[in-house]
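Results of the structural survey
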Amino acid sequence: EVKVLTYNLYWWNLFGWQFRNGNGGSAGKLIASTGQGKPYDFMGFQECEDVDRVLQDASLTGQYGSIEADHAIAIAYRKVAWELLDHGMREVAEDKPEQWWGKRGAQWARFRHKSTGYALMFVNHHGA
């Protein structure tokens with residue numbers, strides 16, 4: 001069993017100084033509370049400018065490795081259970097002109113489970 005979280009943080013709103021300025025670490029606190037008992041193996045973040053800040057707010061610094069990619073997407077993985085084998089990112093789409101925010105990226109990473117040896121590919125994408 002693998003536990004996964006995907007989370008669009010709406011960074012500009014949640015962490016922007018002109019709006020909620022992090023809202024007291026609310027995103028990290030939510031991650032910490034929903035990860036109690038069985039922690040997340042993988043977390044895919046969209047609209048994420050600083051994955052380490054989110055992990056710090058969740059008191060998970062050091063337990064998770066992180067991979068940041070272009071277009072404000074990031075993956076976090078539980079280091080005690082998973083070994084990172086390879087990773088990358090590619091632009092896969094572009095918004096329509098009538099509602100254009102830019103190009104969209106898909107981020108991928110391959111992992112090996114440390115105790116079973118099973119391989120897993122995780123893909124994170126912020127689509128329109």
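Above: the structure in question.
Summary of the structure given here.

Calculation rules
Residues numbered from 1 in each chain as written. Predicted model: local features only at pLDDT ≥ 70, side-chain atom pairs only at ≥ 80, totals over all residues. Heavy atoms only, no water. Core = buried A, V, L, I, M, F, W, Y, C linked by side-chain atoms within 4.5 Å. Buried < 20%, exposed > 50% of the residue type's maximum accessible area, 1.4 Å probe, protein only. Helix = DSSP H or I, 4+ residues; strand = E, 2+ residues; numbered from the N terminus. Contact = heavy atoms within 4.5 Å. Pairing = 2+ DSSP bridges. Axes fitted to C-alpha atoms, helices over the stretch in contact; angles between N-to-C directions. Arc of directions from axis to C-beta. Salt bridge = Lys/Arg side-chain N within 4 Å of Asp/Glu carboxyl O.

Before going further, it helps to spend a moment on the nonpolar core. Of all hydrophobic cores here, the largest spans 20 residues; its most connected members are Leu-9, Ile-31, Met-43, Phe-45, Cys-48 and Val-54. Put simply, the parts of the chain that give this core at least two residues each are strand 1 (4-8), helix 1 (11-14), helix 2 (26-34), strand 2 (42-46), helix 3 (51-57) and strand 4 (73-78). The greatest single-element share of this core, amounting to three residues, is contributed by helix 3. In this view, Leu-9 contacts Leu-14, Ala-27, Phe-45, Gln-46, Glu-47, Cys-48 and Val-54; residues no more than four positions away in its chain are not counted. Grouped together as the second largest cluster of nonpolar side chains are ten residues, Ile-75, Tyr-77, Phe-111 and Leu-120 included.

In this section: the pairing of strand 3 (residues 64-69). For a regular strand, side chains alternate in direction, first toward one face of the sheet and then toward the other. For strand 3 and strand 4, the ladder comprises six bridges, and the chain directions are antiparallel. Note that in strand 4 the partner of Ala-69 across the bridge is Ile-73. Taking the residues between adjacent antiparallel strands as the criterion, strand 3 and strand 4 are bridged by three residues, where His-71 takes a positive phi near 65°.

On to the sheet that holds strand 2. What holds strands together in a sheet is hydrogen bonding between their backbones, with the strands either parallel or antiparallel. What the four strands build is an open sheet, ordered 1-2-4-3; its pairing is mixed. What marks the edges here is a single partner per strand, and that holds for strand 1 and strand 3. When the angles between neighbouring strand axes are averaged without regard to direction, this sheet yields 15°. Examined bridge by bridge, strand 2 and strand 4 share five bridges and lie antiparallel to one another.

A few words now on the pairing of strand 7 (residues 119-125). Across the two faces of strand 7 the burial differs, with Leu-120, Phe-122 and Asn-124 buried and Ala-119, Met-121, Val-123 and His-125 not buried at all. Two strands pair when backbone bridges link them, and strand 6 (residues 103-113) and strand 7 are joined in this way by seven bridges, in the antiparallel orientation. Across the sheet, Phe-111 pairs through a bridge with Leu-120, a residue of strand 7. In this antiparallel pair of consecutive strands, strand 6 and strand 7, the connection spans five residues, and Gly-117 shows a positive phi of 85°.

On to helix 2. Taken together, the buried positions of helix 2 are Ala-27, Gly-28 and Ile-31. Down the axis, helix 2 shows its buried residues gathered within 95° of arc, on one side only. Elements in contact with the buried residues of helix 2: strand 1, helix 1, strand 2 and helix 3.

Okay, unusual backbone geometry next. What is expected of a backbone is that most residues other than glycine have negative phi and most peptide bonds are trans. The phi torsion at Asn-23 lies on the positive side, around 50°, for a residue other than glycine. As for its placement among the helices and strands, Asn-23 is situated in the loop between helix 1 and helix 2. Overall, Asn-23 belongs to the partly exposed group, its relative accessible area being 37%.

It is worth spelling out the pattern of salt bridges at this point. One side chain can pair with another of opposite charge once the charged atoms of both are near each other. Evaluation of the coordinates by the stated rule reveals five salt bridges. Taking the shortest distance from any N to any O, the salt bridge between Lys-103 and Glu-91 comes out at 3.9 Å. Remark: Glu-91 occurs in strand 5 (residues 82-94) and Lys-103 occurs in strand 6; sequence separation between them is twelve residues. Because the salt bridges share partners, they merge into one network encompassing Lys-38, Asp-41 and Arg-78.

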